[in-house]
Amino acid sequence: MRKVVSGLFVSLDGVVQSPNEWQFAFDEEMGAALAGTLETADTILLGGVTFGEWAGYWPTVTSGEDAGFAKWINESPKYVVSSTLDTVEDWENSTLVKGDLAAAVDELKAGEGKNITVAGSPTLVRSLLELDLLDELVLLIHPVVAGEGRKKLFADDAPMKKLELVGARPTSSGVIIATYRPVR
């Protein structure tokens, strides 16, 4: 069965919003971890907000250092989970998921292929974790306090969810790549 895996940049104070504003370095080890995710996944889950931000950008990238990722994400099947969007036809290979999230994810997991990765989409990550649909959470923890006014991965009133650490390693820039699995 396929796994649903999420990888997110996060600050020490739990912020995931706009990492481009507080991520001070991107090192080789982080690049290798993200490349590993791409090699082991062939399907993408996106929330509506991330889809809206990315659909206008990634299809336009054809050269430069992001061209490899752009090619991968543009060609891969994307499933967009949203209760507010009416269409996702602006971005090739995109399918809108409305209704029962658990049923949709279970169907994807039962299908053929590699892992299913969640791109960005922290609200979706929270929902997947709460519904016990997320199999692995990879956090790239940056040694920075991003500060107030930015969205955190988990709200202060989030329900308790126990996770087990299955791997952790520091990078040359001081980021810790920590991999967790929900305790079931």
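Thresholds applied
Residues numbered from 1 in each chain as written. Predicted model: local features only at pLDDT ≥ 70, side-chain atom pairs only at ≥ 80, totals over all residues. Heavy atoms only, no water. Pairing = 2+ DSSP bridges. Helix = DSSP H or I, 4+ residues; strand = E, 2+ residues; numbered from the N terminus. Axes fitted to C-alpha atoms, helices over the stretch in contact; angles between N-to-C directions. Contact = heavy atoms within 4.5 Å. Core = buried A, V, L, I, M, F, W, Y, C linked by side-chain atoms within 4.5 Å. Buried < 20%, exposed > 50% of the residue type's maximum accessible area, 1.4 Å probe, protein only. 1 Å grid on protein atoms, 1.4 Å probe; cavity = no way out; pocket = protein on both sides within 12 Å on 5 of 7 lines; lining within 4 Å. Points joined across faces, edges and corners; volume = space filled by probe spheres on them. Nonpolar A, V, L, I, M, F, W, Y, C, P; charged D, E, K, R; others polar. Expected span 1.5 Å × (residues − 1). Polar contact = N/O pair within 3.5 Å; in protein donor to acceptor, adjacent residues only side chain to side chain.

S.K.: Please provide a residue-by-residue account of the sheet that holds strand E1 (residues 4-11), values included.
M.R.: The 8 strands are arranged E4-E3-E2-E5-E1-E6-E8-E7 in an open sheet whose pairing can be described as mixed. The sheet is open, and its two edges are formed by strand E4 (94-97) and strand E7 (163-170), each paired on a single side. Taken pair by pair, the neighbouring strands of this sheet meet at an average axis angle of 25°, ignoring direction. Inspection of the sheet shows strand E3 (residues 78-81) paired to E4 by 4 bridges, in the parallel sense. Across the sheet, residue Lys78 finds its bridge partner in E4, namely Ser94. Seen against the sheet, helix H1 (residues 28-40) touches E1, strand E2 (41-47), strand E5 (115-119), strand E6 (136-142), E7 and strand E8 (176-182) and runs at an angle of roughly 105° to E2. Across the sheet, helix H5 (residues 122-130) lies against E1, E2, E3, E5, E6, E7 and E8, angled at about 105° from E2, the strand it touches most.

S.K.: Tell me about the nonpolar core, residues and numbers included.
M.R.: Core analysis: the largest hydrophobic core is formed by 23 residues, its most contacted members being Val4, Leu45, Val118, Leu128 and Leu134. Breaking this core down by element, the ones donating at least two residues are E1, helix H4 (101-110), E5, H5 and E6. At 4 residues, the largest contribution of residues to this core is made by H5. Those residues in contact with Leu45 that lie beyond four places of it in its chain are Val4, Tyr79, Val81, Val105, Leu108, Ile116, Thr117, Val118, Ala119, Leu124 and Leu128. Residues Leu46, Ala55, Ala70 and Trp72 belong to the second largest nonpolar core, which totals 14 residues.

S.K.: Which residues make up the layout of surface pockets, and what values do they have?
M.R.: In this structure, the largest pocket occupies an estimated 1,600 Å³ of space. Listed by contribution, the elements that provide at least two residues to the lining of the largest pocket are E1, H1, helix H2 (48-54), helix H3 (67-75), E5 and H5. When its residues are assigned to classes, the lining of the largest pocket shows 20 nonpolar, 19 polar and 6 charged.

S.K.: Which residues make up H1, and what values go with them?
M.R.: The end-to-end C-alpha separation of H1 is 18 Å, in line with the 18 Å expected for 13 residues at 1.5 Å each. N-cap assignment for H1: the residue whose side-chain oxygen lies 3.2 Å from the backbone N of Glu29 is Asp27.

S.K.: Got a sec to walk through H3? Specific residues and values, please.
M.R.: Listed in full, the buried residues belonging to H3 are Ala67, Ala70, Trp72, Ile73 and Asn74. Close packing links the buried residues of H3 with H1, E2, H2, E3 and E5.

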